[in-house]
Amino acid sequence: MAIYNPASLHAEEFINDEEIRETLAYAEKNKNNMTLINEILEKARPIPTATGCRCNGLTHREASVLLACEDPEVTKRIYEIAEEIKLAFYGNRIVIFAPLYLSNYCVNGCLYCPYHMKNKTIPRKKLTQEEVKAEVIALQDMGHKRLAIESGEDPVMNPIEYILECIDTIYSIKHKNGAIRRVNVNIAATTVENYTKLKDAGIGTYILFQETYHKESYLQLHPTGPKHDYDYHTEAMDRAMQGGIDDVGLGVLFGLEMYKYEFAGLLMHAEHLEAVHGVGPHTISVPRVKRADDIDPDEFDGGIDDETFEKITACIRLAVPYTGMIISTRESEAVRSKLLRLGISQVSGGSRTSVGGYAEKDRPHDTEQFDVSDQRTLDEVVAWLMQSGHIPSFCTACYREGRTGDRFMSLCKSGQILNCCHPNALMTLAEYLVDYASPETKAIGFDMIAKELKRIPKEKVRAVAAQNIEDIKNSNRRDFRF
Ligand code: SAM
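Residues numbered from 1 in each chain as written. Predicted model: local features only at pLDDT ≥ 70, side-chain atom pairs only at ≥ 80, totals over all residues. Heavy atoms only, no water.

Caption draft 1: Spotlight on empty space enclosed by the protein. Overall, the coordinates contain five cavities of 30 Å³ or more when judged by the stated rule. For the lining of the largest cavity, the secondary-structure elements that each account for two or more residues are helix 5 (72-90), strand 3 (93-103), helix 16 (397-400) and helix 18 (417-435). Of the residues that constitute the lining of the largest cavity, the class distribution is 12 nonpolar, eight polar and five charged. Within this model, the second largest cavity holds a volume of roughly 250 Å³. (1 Å grid on protein atoms, 1.4 Å probe; cavity = no way out; pocket = protein on both sides within 12 Å on 5 of 7 lines; lining within 4 Å. Points joined across faces, edges and corners; volume = space filled by probe spheres on them. Helix = DSSP H or I, 4+ residues; strand = E, 2+ residues; numbered from the N terminus. Nonpolar A, V, L, I, M, F, W, Y, C, P; charged D, E, K, R; others polar.)

Caption draft 2: Representation of the state of the cysteines within the structure. Overall, the coordinates contain zero disulfides when judged by the stated rule. Lacking any disulfide linkage, Cys69 is separated from the closest cysteine sulfur, that of Cys315, by 9.4 Å. (Disulfide = S-S within 2.5 Å.)

Caption draft 3: Inspection of the site of the ligand at higher detail. Taken together, 19 residues form the shell around the ligand, and within it Tyr112, Ser151, Glu211, Lys227 and Lys290 come nearest. In the environment of the ligand, an oxygen atom lies 2.9 Å from a nitrogen or oxygen atom belonging to the side chain of Lys227. Relative to its unbound accessible surface of 580 Å², the ligand loses 97% to contact with the protein. Cavity membership is defined here by more than half of the atoms lying within 2 Å of grid points; on that basis the ligand lies in the largest pocket. (Near = heavy atom within 4 Å. Polar contact = N/O pair within 3.5 Å; in protein donor to acceptor, adjacent residues only side chain to side chain. Areas by Shrake-Rupley, 256 points an atom, 1.4 Å probe, with all protein chains shown as cover. Sits in = over half its atoms within 2 Å of the grid points.)

Caption draft 4: Region of interest: unusual backbone geometry. The backbone phi angle of Lys176 is positive, close to 50°, even though this residue is not glycine. With respect to the element layout, Lys176 can be found in the loop between helix 7 (160-172) and strand 5 (182-186).

Caption draft 5: Looking closely at the domain arrangement of the protein chain. In terms of domains, the protein chain is made up of domain 1 (88-375) and domain 2 (418-474). If you average the C-alpha positions of domain 1 and of domain 2, the two centres end up 30 Å apart. Counting residues at the interface gives 10 residues for domain 1, matched by 10 residues for domain 2. Taking both partners together, domain 1 and domain 2 bury about 740 Å²; carbon and sulfur atoms supply 41% of that area. Among the residues of domain 1 in contact with domain 2, Asn92, Arg93 and Asn177 are the three that bury the most area, contributing 55% of the side total. Counting across the domain 1 and domain 2 interface gives five residue pairs in polar contact (both at pLDDT 80 or more). Looking at the side of domain 1 that touches domain 2, the element that brings in the most residues is helix 6 (residues 129-142), giving three residues. (Domains from an automatic or database assignment. Contact = heavy atoms within 4.5 Å. Buried area = accessible area lost by both parts, 1.4 Å probe.)

Caption draft 6: Looking closely at the pattern of salt bridges. Scanning the model with the defined rule gives 26 salt bridges in all. In this structure, Glu431 engages Arg181 in a salt bridge whose closest nitrogen and oxygen atoms are separated by 3.4 Å. Residue Glu431 is located in helix 18, and its partner Arg181 is located in the loop between helix 7 and strand 5; the two are separated by 250 residues in the primary sequence. Arg181 sits in the buried class, given a relative accessible area of 16%. Of the charged contacts in the structure, one is a salt bridge between Glu211 and Lys227, with a shortest N-O distance of 2.8 Å. Remark: Lys227 occurs in the loop between helix 9 (215-221) and helix 10 (230-234) and Glu211 occurs in the loop between strand 6 (203-207) and helix 9; sequence separation between them is 16 residues. Across the pair, Lys227 and Glu211 agree in class, each one buried. Through salt bridges with shared partners, a single network forms among Glu333, Arg336, Asp374 and Arg376. (Salt bridge = Lys/Arg side-chain N within 4 Å of Asp/Glu carboxyl O. Buried < 20%, exposed > 50% of the residue type's maximum accessible area, 1.4 Å probe, protein only.)

Structural data, given as structure tokens:
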């Protein structure tokens with residue numbers, strides 16, 4: 001039998017079934033142990049330092065105790081601490097991105113995904129480079145600067161060369177004042193060699209959802225195709241890091257399996273990356289399974305209500321304080337509003353989950369991957385964020401300045417974010433407002449910028465940011481960032 005070892009490179013040792021089961025039993029046994037729970041909450045709180053603050057994070061066992069505890073007072077404390085952590089490390093900034101679907105050809109048999117090979121009702125489509133260009137221009141015209149490209153797995157239709165060509169095309173398009181400055185990639189698990197090619201193509205984060213950490217369920221949910229190989233899929237992030245990619249994004253597709261099991265597995269995966277590579281995941285996504293062509297989410301065992309979903313998000317925030325957290329338009333405006341306060345740092349906006357959906361005007365499109373709950377335009381999402389006190393950020397500076405992997409984490413831990421990320425967010429928001437916003441959004445935005453500039457601690461940084469924003473307003477653009 002495999003023995004738990006977070007530093008092992010074998011899936012069954014770092015995502016160890018026995019350790020997860022023992023964790024769940026430990027959490028159940030201690031879910032009313034208030035002495036322990038108070039100690040864990042105390043450990044999770046941000047600690048002030050000379051330059052800002054730092055956090056301890058929580059182990060998967062500690063976080064699982066909090067998740068199991070049903071006391072409403074404890075839940076309230078968890079939410080308060082999640083918000084404190086969020087504000088300490090990410091401030092009130094929310095990074096904006098959009099998915100771009102390249103191809104829905106797929107040779108896998110994933111039971112929850114409409115792109116599965118046996119689905120004969122969904123039309124298959126793969127973008128040509130001309131179509132990629134049209135999509136990117138449509139995305140740039142909305143104001144997007146950061147994309148996550150998505151593709152089914154098909155070595156013949158979507159080989160790595162196709163993905164690389166698309167990345168090249170995306171980065172090459174400069175339409176009006178637009179540019180895609182960071183391309184994150186969500187494609188199937190691949191080889192070290194291919195990860196190096198992606199790294200050399202200039203990708204940002206490599207994102208791969210585990211779907212479920214429960215091996216037996218995983219094998220049933222992925223009955224056919226290369227994705228059936230649980231170990232190959234689970235060890236993908238190690239190959240990505242070996243290939244030179246230092247920002248990786250984890251995620252579970254909540255709803256497939258029992259959430260407490262997934263939660264422990266997800267945190268063990270984060271601990272494993274830290275133990276082996278010295279840096280945890282750059283982001284964690286929290287998607288929930290949605291209705292789609294040929295897919296009924298009620299067929300799966302692990303559906304979770306909104307309250308449980310909120311608690312999972314907040315507990316992840318406490319456990320891995322330096323990891324960005326992503327929520328997509330799978331969730332409604334109401335759910336997204338709540339999660340923003342509990343630790344989310346990135347949201348998508350104006351998304352289309354169909355192949356070619358941005359250049360086509362009307363939706364729904366027949367190649368759509370799943371129902372999008374939040375169907376607002378990017379302009380509406382930007383206005384909504386600002387109205388609830390968040391700064392929509394189109395910043396991609398860290399990536400462009402080489403602040404990835406542990407260098408990004410150092411910035412996050414140094415407490416210098418208010419002198420760096422904050423002005424960058426305001427400058428990129430100003431660019432968005434001038435180039436793409438509606439008059440109402442523009443008015444809200446410049447009001448917010450005026451107030452938020454005052455929060456920059458260093459006088460010199462504040463002055464430079466203010467000057468840049470004036471220049472942006474007066475069409476005097478410089479590609480400047482802190
Ligand atoms: N094909 C790639 C792979 O196998 O990892 C990734 C691309 S796929 C477009 C991105 C993610 O969509 C999947 O990892 C899965 O978690 C999610 N997804 C698939 N079907 C879904 C559904 N019905 N509802 C919500 N999310 C879904």
